[in-house]
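A look at the structure
Residue strings, one per chain:
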Amino acid sequence: AKERGRNGFSFFTSTMQEEMQQRLHLATDLREALAAGQLIPYFQPIIDTFSGQVVKAEALLRWKHPEHGMVPPDLFIPIAEEMGLIHEIGDWIFLETAKLAGQWADIRSQNSARPIHGQISVNISPRQFMRGNLCDQWMPRLQSLGVPPHYLVIEITEGLLLSEQSDVVGELARFREAGMQVALDDFGTGYSAMAYLKRFSIDYLKIDRSFVNELETDTNDRAIVEAIVAMGHKLGVKMIAEGVETQRQRDILQEIGCEYLQGYFYARPMPAKEFLDYVSAMNSE
Ligand code: C2E
Ligand code: CA
Ligand code: CA
Ligand code: CA
């Protein structure tokens with residue numbers, strides 16, 4: 001532990017200074033990270049609750065820092081947003097994921113072991129989305145890669161739906177018209193904009209981990225998840241539960257009728273090659 005300063009305040013200040021220095025240091029490094037090949041897409045399988053097969057995946061960004069090791073995205077994504085680097089990084093992870101989704105679908109068509117259906121989701125930061133024209137910028141790139149848009153799902157967060165600053169409704173509609181699907185991430189944690197769901201075209205709701213966590217012990221959480229699933233189904237939306245860590249949680253989610261499951265109970269996010277091995281093993285059983 002650090003020495004305490006002459007008063008509590010100076011101790012506090014030095015910690016804040018340290019934190020700011022660390023962020024500044026990371027910010028400088030982040031500028032180089034993409035070109036240096038330090039950013040790596042990981043993939044976490046998404047399982048069909050009823051068949052037990054891997055049918056989707058979520059791309060999750062990793063930063064392998066040469067000195068600090070793995071820097072968690074919860075730390076560097078906000079830095080990338082502040083620095084405006086999120087646009088470059090966001091374009092890159094989207095196209096990288098699209099390429100892989102295309103490759104995996106090709107493998108599947110050549111092989112009856114059925115590695116994956118091909119639908120992979122990518123997280124989109126509100127900053128990226130609000131700059132506008134995202135779909136129009138990405139579609140020609142997908143076309144030249146030869147990747148069908150329906151291989152991709154974009155994950156957005158509730159906060160974005162509350163934004164009055166940009167044409168979120170129109171942009172979401174463009175993505176769906178282009179053939180991509182839309183998932184609403186971390187559902188239930190924000191303003192729980194149930195009413196918004198009608199206005200925005202959404203294909204999947206991702207039930208936040210905080211509800212799934214206590215599903216076994218907290219009857220209120222179970223009631224909330226049941227209500228969310230029932231409401232989602234009434235609106236024609238498919239449900240994905242995040243953070244499934246136990247067999248019991250899995251069983252309850254199946255009872256409730258949640259279509260898809262994602263979490264450490266099945267697998268952690270992993271590099272592309274491992275992911276492919278995992279899918280082949282799971283889906284050929
Ligand atoms: P998220 O989109 O809500 O992603 C789910 C997070 O939950 C991931 O953390 C995942 O590793 C973790 N997770 C999955 N299953 C379990 C489980 O069973 N238990 C627990 N405790 N955790 C589980 P990760 O990879 O650290 O990502 C954190 C956040 O960083 C993401 O939250 C997302 O908001 C952001 N992020 C990651 N990659 C990207 C990206 O490419 N672009 C943008 N804009 N944001 C990203
Ligand atoms: Ca997500
Ligand atoms: Ca989430
Ligand atoms: Ca989150």
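By convention here, each chain's residues receive numbers from 1 onward along its written sequence. Going through the entries in the order they are written, you letter the chains from A and number the ligands from 1. Reporting in this predicted model follows two pLDDT cut-offs: at least 70 for local features of residues, and 80 or more for side-chain atom pairs to be given and counted; totals over whole chains, interfaces and linings ignore these cut-offs and use all residues. Neither water nor hydrogens contribute to the side-chain values; these are computed over all heavy atoms in the structure.

Structural notes on the site of ligand 1
Cut-off, in case you're wondering: Any residue with a heavy atom lying within 4 Å of a molecule or strand is counted as near it. As used in this structure description, the phrase polar contact means that two N or O atoms lie within 3.5 Å; if the pair is within protein, one of them must be able to donate a hydrogen and the other to accept it, and residues adjacent in sequence are counted only when both atoms belong to side chains. A 1.4 Å probe and the Shrake-Rupley method give the accessible areas. Residues count as covered only by the protein chains that appear here. Secondary structure elements follow DSSP: runs of H or I no shorter than four residues count as helices, runs of E no shorter than two count as strands, and numbering proceeds from the N terminus. By the convention adopted, Pro, Cys, Tyr, Trp, Phe, Met, Ile, Leu, Val and Ala count as nonpolar, Lys, Arg, Asp and Glu as charged, and the other residues, Gly among them, as polar.
Near ligand 1 lie 21 residues; those nearest to it are Arg62, Asp185, Arg209, Glu245 and Tyr264. Arg62 places a polar side-chain atom, nitrogen or oxygen, 2.9 Å from an oxygen atom of ligand 1. Within the side chain of Arg209, a nitrogen or oxygen atom sits 3.0 Å from an oxygen atom of ligand 1. For ligand 1, the protein covers 84% of the area, taking 800 Å² as the surface of the free molecule. For the shell around ligand 1, the elements supplying multiple residues, two or more each, are β2 (54–65), α2 (73–83) and β6 (181–187). Here the shell around ligand 1 is composed, by residue class, of eight nonpolar, five polar and eight charged.

Looking at α2
In plain terms, the rule: Throughout this description, buried means an accessible area under 20% of the type-specific maximum (1.4 Å probe, protein chains only), exposed means over 50%, and partly exposed covers the range between.
Looking only at α2, the buried set comprises Phe76, Ile79, Ala80 and Glu81. Within two residues after α2, Gly84 carries a phi angle of roughly 80°, on the positive side.

With respect to the coordination of the calcium ion (ligand 2)
In plain terms, the rule: Each metal's donors are the N, O and S atoms within 2.8 Å of it, or within 3.2 Å when it is Na, K or Ca, and because water is not part of the set, sites may look incomplete.
Of the protein atoms, only Glu58 (OE), Asn123 (OD1), Glu155 (OE) and Asp185 (OD) coordinate the calcium ion (ligand 2), at distances of 2.2 to 2.3 Å. Separating the calcium ion (ligand 2) and the calcium ion (ligand 3) is a distance of 4.0 Å, and Asp185 donates to both of them. Placement of the pair is Glu58 in strand β2 and Asn123 in strand β4 (residues 119–123), with a sequence separation of 65 residues. Judged by its relative accessible area of 4%, Glu58 is buried. Residue Asn123 is classed as partly exposed on the basis of its relative accessible area of 29%.

A closer look at the environment of Lys238
Filter applied, for reference: Throughout, a contact is declared for two residues whenever any of their heavy atoms are within 4.5 Å.
If you trace the backbone, Lys238 turns up in strand β8 (residues 238–241). Accessibility expressed as a relative area gives 38% for Lys238, which makes it partly exposed. For Lys238, the contacting residues outside a window of four places in its chain are Asp203, Tyr204, Leu205, Glu259 and Tyr260.

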